[in-house]
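Chain by chain, the residues:
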Amino acid sequence: MPPDRPSAITLGDAVRETQRQLKAAGIEEAGREARLIVASVCGLPTSEIIVRPERSLSANEQQRLADMVARRSAREPISRILGEREFYGRPFKLSAATLDPRPDSETLIDAALELVSREHWAGRQIRILDIGTGTGCLLLTLLAELPNATGLGTDISAEALKTAAANAEALGLGERASFAQHDVLEGVNGPFDLVISNPPYIETGVIAGLDPEVQRFDPMAALDGGPDGLEIYRRIASELGRILTGRVILEVGAGQADAVASVFQQAFVKTRQAEVRRYDDLGGHTRCVAIRLQT
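Before going into details, it helps to say that this report is about the structure given with it. Nothing here was measured: the structure is a model prediction, and the numbers come from that model. Every residue gets a number counted from 1 within its own chain, in the order that chain's sequence is written. Two thresholds apply to this predicted model, a pLDDT of at least 70 for residue-level local features and 80 or more for giving and counting side-chain atom pairs, whereas whole-chain, interface and lining totals are computed over all residues. With hydrogens and water stripped out, all remaining heavy atoms of the structure feed into the side-chain values.

Focus on helix H8 (residues 158–170)
With 13 residues, H8 should cover 18 Å at 1.5 Å per step; its first-to-last C-alpha distance of 19 Å lies within 8% of that length. Working definition: with a 1.4 Å probe on protein chains only, accessible area under 20% of the residue-type maximum means buried, over 50% means exposed, and in between means partly exposed. Going along the chain from the N terminus, every DSSP run of H or I of four or more residues is numbered as a helix, and every run of E of two or more is numbered as a strand. If you check which residues of H8 are buried, you get Ala160, Leu161, Thr163, Ala164, Asn167 and Ala168. The arc enclosing the buried residues of H8, seen along the axis, measures out at 160°, which places them on a common side. Among the exposed residues of H8, those oriented more than 90 degrees off its buried face are Lys162, Glu169 and Ala170. Expected helix span is taken as 1.5 Å per residue step, with the number of steps being one fewer than the number of residues. Comment: arc refers to directions from the helix axis out to C-beta atoms.

This is how it looks when you write it as structure tokens:
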């Protein structure tokens, strides 16, 4: 006898059951994620779930849905399951070698655009460097917002660079973005008007206690900032003076802003002054520092 086929379920049924399972797995936004997963499985916009809740899922769709729900229940981030994450209103493909972009990192874009305006750079050609580019979300967002800018994204991971390059092409920015494999600033030649980075800044001893979505699925190289979380900042500061003509914008962890500012102030105290600005995310936490090396 042929195997039993799964009984038909509707979009409405699928969302309700998916939400129930995700909630049981401890997923906070179970309702929103259930709609995203069901819509993705069926290749539909989420609005279709409201318009056509009676639409049935095929056997293949039901199997894909079961697979996705199992992955999310195991705490794999929904962005990795769906294969992309929206950042500053644009979609970015992910890979195992890239950090999953967070909404809080959009603070770096807001800071950069404010500083570009402050420096009166908006109408002229500027060159941007993104250290540890990952998906390319920081560099590519800035290039999209600043039509006269060009940029270089670097990473130690060849796979991450492939992902970033693919995102550049998908966003129509391939002609203004280039990508190269470098370890922090080793072998990077300037000058750059703006340097931006979301470096690894989590203390090594803290990583094991992070949420499963982060600890299990983000690449360790994008998380581990050494014993005090400041290792990469020190490396950037030690080389920055030879390539930077304008400002550097760095994402920082909770409570790290003063320590990061101090790293750069100490690195340049004998040759140049470091003017520091701090920017808070929507939660009121200092998310990034912007440093200008003054002559």
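Topic: the side chain of Thr135
By secondary structure assignment, the location of Thr135 is in the loop between strand S3 (127–131) and helix H7 (137–145). The class for Thr135 is buried, based on a relative accessible area of 2%. We call two N or O atoms a polar contact when they sit within 3.5 Å, provided that within protein one can donate a hydrogen and the other can accept it, with sequence-adjacent residues counted only if both atoms are side-chain atoms. Only 3.2 Å separates the side chain of Thr135 from the backbone nitrogen of Cys137, close enough to count as a polar contact. Contacts: residue pairs with any heavy atoms within 4.5 Å of one another. Apart from residues no more than four positions distant in its own chain, Thr135 is found in contact with Phe92, Lys93, Leu94, Thr98, Leu99, Pro101, Leu140, Thr163, Ala164 and Asn167.

Some points on the environment of Ile243
Inspection of the secondary structure assignment puts Ile243 in the loop between helix H10 (231–240) and strand S7 (244–251). By relative accessible area, Ile243 is classed as buried at 1%. Between the alpha carbons of Ile243 and Pro191 there is a distance of 4.6 Å; along the sequence they are 52 residues apart. Apart from residues no more than four positions distant in its own chain, Ile243 is found in contact with Leu129, Leu185, Val188, Asn189, Gly190, Pro191, Phe192 and Val195.

Looking at the packing of helix H2 (residues 30–42) against helix H4 (residues 59–73)
With axes taken as lines fitted to C-alpha atoms, and helix axes fitted only over the stretch in contact, angles between N-to-C directions fall between 0 and 180 degrees. Contact pair H2 / H4: the axes reach a minimum separation of 9 Å and the direction vectors enclose 140°. The two elements H2 and H4 cross, and the hand of that crossing is right-handed. Taken together, the residues of H4 that come into contact with H2 (itself represented by Glu33, Ile37, Val38, Ser40, Val41 and Cys42) are Glu61, Arg64, Leu65, Met68 and Arg72. Crossing handedness: left-handed means the near helix sits turned counterclockwise from the far one by under a right angle, and right-handed means the same turn made clockwise.

Remarks on helix H1 (residues 11–24)
For H1, which comprises 14 residues, the first-to-last C-alpha distance of 20 Å matches the rise-based estimate of 20 Å (1.5 Å per residue) to within 8%. Among the residues of H1, Leu11, Gly12, Ala14, Val15, Thr18 and Leu22 are the ones counted as buried. In a view along the axis of H1, the buried residues occupy a sector of 160°, so they form one face of it. The exposed residues of H1 that point more than 90 degrees off its buried face are Arg16, Lys23 and Ala24.

Some details on unusual backbone geometry
Omega for the peptide link from Gly190 to Pro191 comes to 0°, which places this bond in the cis form. The topology assignment puts Pro191 in the loop between strand S5 (177–181) and strand S6 (192–197). A positive phi angle is found at His120, which is not glycine, with a value near 60°. Relative to the helices and strands, His120 resides in the loop between helix H6 (106–118) and S3. By relative accessible area, His120 is classed as exposed at 69%. Positive phi is not limited to glycine here, since Val184 has a value of about 55°. Note that Val184 resides in the loop between S5 and S6. Using a relative accessible area of 8% as the deciding quantity, one classes Val184 as buried.

Remarks on the packing of aromatic side chains
Any Phe, Tyr or Trp ring, taking Trp's six-membered ring, that has another such ring centre within 6.5 Å forms a pair; planes under 30 degrees apart are called stacked, those over 60 apart edge-to-face, and the others tilted. On inspection of all chains with the given rule, the structure shows 1 aromatic pair. Pairing Phe87 with Phe92 gives two aromatic rings, centres 6.3 Å apart and planes at 80°, and the pair type is edge-to-face. Comparing Phe87 with Phe92 shows no difference in burial state: the two are buried.

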